[in-house]
Amino acid sequence: MLKLMYITNDPAVARIAAEAGVDRIFIDMEVLGKAERQKGMNTVQSNHTPEDIRRVRAAIGNTAEIIARINPLNPNSGAEIDAAVGNGADIIMLPMWKTAADAERFLSLVNGRRRTMLLLETDAAADCIAEVVKLGGIDEIHIGLNDLHLCYRQKFMFEPLADGTVERIVGTVKAEGIRCGFGGMVRPGSGMLPAELILSEHCRLGSEIVILSRGFCNAAQFTSEAAIRGQFTAGVAEIRALERVYAGWTPERFEKNRLTVKAQVSEIVSRMG
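Source: prediction; values computed, not measured.

**Here's the deal with the overall build of the protein**
Line of reasoning, step 1. Along its length, the protein carries 13 helices and eight strands.
Line of reasoning, step 2. For 273 residues, the compact-globule estimate of 2.2 N^0.38 gives 19 Å, and the protein sits close to it at 18 Å.
Line of reasoning, step 3. Projected onto the principal axes, the alpha-carbon positions of the protein cover approximately 45 × 45 × 35 Å.
Line of reasoning, step 4. Counting only residues that meet the buried cut, the protein has 50% of its 273 residues in that class.

**Digging into helix α12 (residues 225-246)**
Line of reasoning, step 1. Between its terminal C-alpha atoms α12 stretches 32 Å, which fits the 32 Å expected from 22 residues at 1.5 Å a residue.
Line of reasoning, step 2. Those residues of α12 that are buried lie in contact with β1 (3-7), α1 (11-19), β7 (179-185), α11 (195-205), β8 (209-212) and α13 (251-272).

**Things to note about the side chain of Gln154**
Line of reasoning, step 1. Inspection of the secondary structure assignment puts Gln154 in the loop between α8 (145-151) and α9 (159-162).
Line of reasoning, step 2. Judged by its relative accessible area of 17%, Gln154 falls in the buried class.
Line of reasoning, step 3. Leave out the neighbours within four places in its chain, and Gln154 touches His149, Glu159, Pro160 and Asp163.

**Focus: the sheet that holds strand β5 (residues 115-120)**
Line of reasoning, step 1. Taking strand neighbours around the barrel as the criterion, the eight strands line up as β1-β2-β3-β4-β5-β6-β7-β8 in a closed arrangement whose pairing is parallel. The average undirected angle you get between the axes of adjacent strands in this sheet is 30 degrees.
Line of reasoning, step 2. Here three bridges tie strand β3 (residues 65-69) to strand β4 (residues 91-94), and the two strands are oriented parallel to one another. The partner of Ile67 across the bridge, within β4, is Ile91.

**Some details on the packing of aromatic side chains**
Line of reasoning, step 1. Going through the model one piece at a time under the given rule, you end up with five aromatic pairs.
Line of reasoning, step 2. Considering the side-chain rings of Tyr6 and Phe232, the 4.8 Å spacing of their centres and the 90 degrees angle between planes classify their relative orientation as edge-to-face. Remark: Phe232 occurs in helix α12 and Tyr6 occurs in strand β1; sequence separation between them is 226 residues. This pair shows no difference in class: Tyr6 is buried, exactly as Phe232 is.
Line of reasoning, step 3. Through successive ring pairs, a cluster of aromatic residues spans Tyr6, Phe216 and Phe232.
Line of reasoning, step 4. Above the ring of Trp249, the side-chain terminus of Arg253 is found at 4.0 Å from the ring centroid.

**Here's the deal with the pattern of salt bridges**
Line of reasoning, step 1. Tallied over the entire structure, the rule returns 21 salt bridges.
Line of reasoning, step 2. Here Arg24 ties to Glu140 by a salt bridge, and the two come within 2.6 Å at their closest N and O atoms. Within this pair, whereas Arg24 is found in strand β2 (residues 24-28), its partner Glu140 is found in strand β6 (residues 140-143), the two being separated by 116 residues in sequence.
Line of reasoning, step 3. Residue Asp82 pairs with Arg113 through a salt bridge whose shortest N-O separation is 2.9 Å. On the criterion of sequence distance, the pair formed by Asp82 in helix α4 (residues 77-86) and Arg113 in the loop between α5 (100-110) and β5 is long-range, its members being 31 residues apart.
Line of reasoning, step 4. We classify Asp82 as partly exposed; its relative accessible area is 40%.

**So, the pairing of β8**
Line of reasoning, step 1. Of the two faces of β8, the one holding Ile209 and Ile211 and the one holding Val210 and Leu212 are both buried throughout.
Line of reasoning, step 2. One ladder, built from four bridges, connects β1 with β8; its direction is parallel. What sits directly across from Leu4, in β8, is Val210.
Line of reasoning, step 3. Sheet topology places β7 next to β8; three bridges connect them, and they run parallel. Pairing of Gly181 across the sheet is with Ile209, part of β8.
Line of reasoning, step 4. Following the chain from β7 across α11 to the adjacent parallel β8, one finds a crossover that is right-handed.

Cut-off values and rules
- Residues numbered from 1 in each chain as written.
- Predicted model: local features only at pLDDT ≥ 70, side-chain atom pairs only at ≥ 80, totals over all residues.
- Heavy atoms only, no water.
- Helix = DSSP H or I, 4+ residues; strand = E, 2+ residues; numbered from the N terminus.
- Rg over C-alpha atoms; globule rule 2.2 N^0.38 Å.
- Buried < 20%, exposed > 50% of the residue type's maximum accessible area, 1.4 Å probe, protein only.
- Expected span 1.5 Å × (residues − 1).
- Contact = heavy atoms within 4.5 Å.
- Pairing = 2+ DSSP bridges.
- Axes fitted to C-alpha atoms, helices over the stretch in contact; angles between N-to-C directions.
- Phe/Tyr/Trp six-rings, centres within 6.5 Å; stacked < 30°, edge-to-face > 60°.
- Lys NZ or Arg CZ within 6 Å of the ring centre and 35° of its normal.
- Salt bridge = Lys/Arg side-chain N within 4 Å of Asp/Glu carboxyl O.
- Right-handed = clockwise from strand over helix to strand, strands pointing away.

Written out as structure tokens, the structure is:
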């Protein structure tokens, strides 16, 4: 089953998500350069802090893991990693790396103290992935489609999924025994590209990680914890039910779905002008 990640620094929401079956609470401390890269996009800059890791841990205990995204490599990266480790993160994520040397520096700074995840979101990173996966010490790689599709000057974030880029990267990563995932997902039954199609591609490719996007549960839109709990409980159950269905699919059925994804992405891009 996919490891489900949800971004929040709200201890109450984190507890609800974890109790509903979300595997990882995502503390997002990345701010450097993010607003400029994603200008004009409907994305969120979270501005979380290392102290949020400790607050969320107190709320969720060991019900779920905590993943902490630091800033791209910078003169303070060592201190950022130390703070994430010191406050109890289970996994440290590095965004916006571009070379094997970047990955090596990150691994050196973490120094085996926590599990590591590289967030692949640049064309340069995609180009050198075969070299990077040989480094050793990388536990997971997640493909960030928001920034990656911008690097390729594409209009829609799922174009790298439709054109085979994601499949190539996932294949390279998994061949080295490294856990891999991609993108974000809303609740089944919704989404410009239906979540069911995206989930079936995760299953076809052997993806193991996905971020539950703001569209899955925008906690700020709900007026009670009971409503938030209902959204998470139902949404996670829907995903797990679909995973069981897809587990019985044949390669031919997955190929038919892949072609559907390709056609629908092409239609979406054409409507975007």
